[in-house]
Structure formats: structure tokens, C-alpha cells
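Residue-level structural notes
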Amino acid sequence: MKTSNLIELLATNAEPVDPHAITKSLTWPLGLGLVVSVFLSVATIGVLPAQDFLLPAVWVKFVYGVALAVAVVALLQRLYRPGAPTTAVIKWPLLVLLSMTVIGFAHLMLLPEASRAVAIFGQTWLVCPWFVLGLSIPALAALLFAAKQLAPTDLKTTGFAAGLLAGAIGAIGYSFACPETSLTFVAIWYTAGIVITGLVGRVAGPVVLRW
């Protein structure tokens, strides 16, 4: 087949690319994932007492999740575009994770030594990362499904970033029910759940997103 004929064939019935395709591919999975995450968290564990929402630590959980989500969205917007540079934005999720680590360490150092074990482990350290992971799965599934309609080329990194974003959504949902108030606990075990979700995304990405 001649090159000109091939080009003509490929161009037949071609439609313009939706300039908002990437925004849409992130908006609806995030909205759906957040609603499902909050619903499952409250339905299975129960919402925190109203007075707990006056505690600064509870709001730090929300801020952490939202900040990480915003940072990873900026990264995914690049990863969804073949060949788009990621150097300028890949540092933002790392900065959010580092900031939470510093906050958690500072909180621990300000406590009496006798109270530090409780600050690290709380009452739910064994289940916290797995709750975050479980609450993240709906968002991760939706994000990968939406990403499949686009053209990411680095499938492992895209899957890992989608997992981090889903993990942030799961962490936000879990914050409505989690009774822990230690910032050190949040820095360790919330982050563990988020990173585990990222690793799940890294494994699933090449399978789901393969062209």
C-alpha cells in the first residue's frame, strides 16, 4: 500500500481530539472514588464523633490527602500525554510525602519518651494501611479504566501514580472514620497504605493499560 493511500485511510472519518479528555479522565474517577471511599468507610467503621472534627490532627489527615492528590494529578496530566516532560512536576508528590514525614517526626520528638510508642502505633496500626488500600481500590480501578482511553507510554509509572492518587483518595475516606490523632501515626501508616496502593497500581498498570 502506498503511503498516501495509508494516510488517507487513517484519516477517513477522523474526529477532532477532545481538548478536555485528560481533565475528564481524572475528574469522574476522582469524584466516584471519593464518594465510594467515604461511603464504605462510614458504613463499615462508622463516622467519627462530631467533636473529633475539632481536633487539628483530623484536619491534617484531610489536608495531607488533598495535597497529595493535587500533586499527583499534576503528574498524571503529564503522564497521560505521550512524550510530555514530567521533571517539573514529579517532585511535588515527593515534597508532600517528605513534608508529612517531617511533621510526623517533629510531633514525635515533642512528646515525652514514654508516649512515643503510642504515637507511633496507636490502636489500629495493623489495620490502617489495609483499610486505606481497600478504600482506594474503587478509585484505582476507575483511574486505570479512564487512563486506558488515553495514550500513556510509561505504563509502570502511570500505574504507580494512579495508585498514589487512589491511595490519597482512600486516605481521605478513611479519615472520616479513623480514631487516631497522632500525626506520627498518620505519617507512617497512612503513607504506608498510600504507597502500597501505588505498588498495586504499578503492577496493574502494564496489564490494564497495555495497548
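All values reported here derive from a predicted model rather than from experimental measurement. (Residues numbered from 1 in each chain as written. Predicted model: local features only at pLDDT ≥ 70, side-chain atom pairs only at ≥ 80, totals over all residues. Heavy atoms only, no water.)

1. Regarding the nonpolar core
Note on soluble globular proteins: their nonpolar side chains tend to be buried together. One finds Leu26, Tyr64, Leu76, Leu165 and Tyr190 to be the most contacted residues of the largest nonpolar core, which totals 44 residues. The leading source of residues in this core is helix 7 (residues 155-175), at 10 residues. Contacts of Leu165, omitting those with residues within four sequence positions, involve Leu26, Leu30, Ala69, Val72, Val73, Leu76 and Leu143. In this structure, Leu48, Phe53, Val58 and Phe62 belong to the second largest nonpolar core, which totals 5 residues. (Core = buried A, V, L, I, M, F, W, Y, C linked by side-chain atoms within 4.5 Å. Buried < 20%, exposed > 50% of the residue type's maximum accessible area, 1.4 Å probe, protein only. Helix = DSSP H or I, 4+ residues; strand = E, 2+ residues; numbered from the N terminus. Contact = heavy atoms within 4.5 Å.)

2. Examining the packing of helix 4 (residues 87-110) against helix 8 (residues 183-208)
The interhelical angle for the contact between helix 4 and helix 8, taken along N-to-C directions, is 140°, at an axis separation of 7 Å. By the angle between their directions, the pair helix 4 and helix 8 is classed as oblique. Crossing of helix 4 over helix 8 shows left-handed handedness. For the pair helix 4 and helix 8, the contacting residues are Leu97, Met100, Thr101, Ile103, Gly104, His107 and Leu108 in the first and Leu183, Thr184, Val186, Ala187 and Thr191 in the second. (Axes fitted to C-alpha atoms, helices over the stretch in contact; angles between N-to-C directions. Parallel < 35°, antiparallel > 145°, perpendicular 65-115°, else oblique. Left-handed = near helix turned anticlockwise from the far one by under 90°.)

3. Structural notes on helix 7
The end-to-end C-alpha separation of helix 7 is 30 Å, in line with the 30 Å expected for 21 residues at 1.5 Å each. For helix 7, the tally of buried residues reaches 18 of 21 residues, placing the bulk of the element in the interior. (Expected span 1.5 Å × (residues − 1).)

4. Side note on the side chain of Ser175
The topology assignment puts Ser175 in helix 7. With relative accessibility at 0%, the residue Ser175 sits in the buried group. Separated by 2.7 Å, the side chain of Ser175 and the backbone oxygen of Ala171 make a polar contact. Once residues lying within four places of it in the same chain are set aside, the contact partners of Ser175 are Leu48, Lys61, Phe62 and Tyr190. (Polar contact = N/O pair within 3.5 Å; in protein donor to acceptor, adjacent residues only side chain to side chain.)

5. Quick look at a nonpolar patch on the surface
A contiguous nonpolar patch, built from Ile45, Phe121, Trp125, Leu126, Val127 and Phe131 and spanning about 500 Å² of accessible area, is present on the exposed surface. Relative to the helices and strands, Trp125 resides in the loop between helix 5 (116-121) and helix 6 (128-147). Taking the relative accessible area as the measure of exposure, Trp125 reaches 32% and is therefore partly exposed. (Patch = residues over 30% accessible without salt bridge, like charges linked within 9 Å, V, L, I, M, F, W, Y side chains within 5 Å. Areas by Shrake-Rupley, 256 points an atom, 1.4 Å probe, with all protein chains shown as cover. Salt bridge = Lys/Arg side-chain N within 4 Å of Asp/Glu carboxyl O.)

6. Structural notes on the confidence of the model for the protein chain
When pLDDT is averaged along the protein chain, the result is 89, and 90% of the positions lie at 70 or above. Every residue in residues 13-17 scores below 50 in pLDDT, and together they form 0 contacts with partners more than four places removed in sequence or on other chains. (pLDDT = per-residue confidence, 0-100.)

7. Some thoughts on the packing of aromatic side chains
In the structure shown here, the tally under the stated rule is 9 aromatic pairs. Where Phe121 meets Trp189, the ring centres are 6.4 Å apart and the plane angle is 35°; that geometry is what we call tilted. Pair noted here: Phe121 is in helix 5 and Trp189 is in helix 8, with a separation of 68 residues, a long-range link. For Phe121, a relative accessible area of 36% translates into the label partly exposed. For Trp189, a relative accessible area of 16% puts it in the buried group. (Phe/Tyr/Trp six-rings, centres within 6.5 Å; stacked < 30°, edge-to-face > 60°.)

8. Considering the packing of helix 3 (residues 56-79) against helix 8
Look at helix 3 against helix 8: their axes get within 11 Å of each other, and the N-to-C directions meet at 35°. In this structure, helix 3 meets helix 8 at a crossing whose hand is right-handed. Along its contact with helix 3, which presents Ala57, Val60, Lys61, Tyr64 and Leu68, the element helix 8 presents Leu183, Val186, Tyr190, Thr191 and Ile194. A per-class count over the contact of helix 3 with helix 8 returns 8 nonpolar, 1 polar and 1 charged. (Nonpolar A, V, L, I, M, F, W, Y, C, P; charged D, E, K, R; others polar.)

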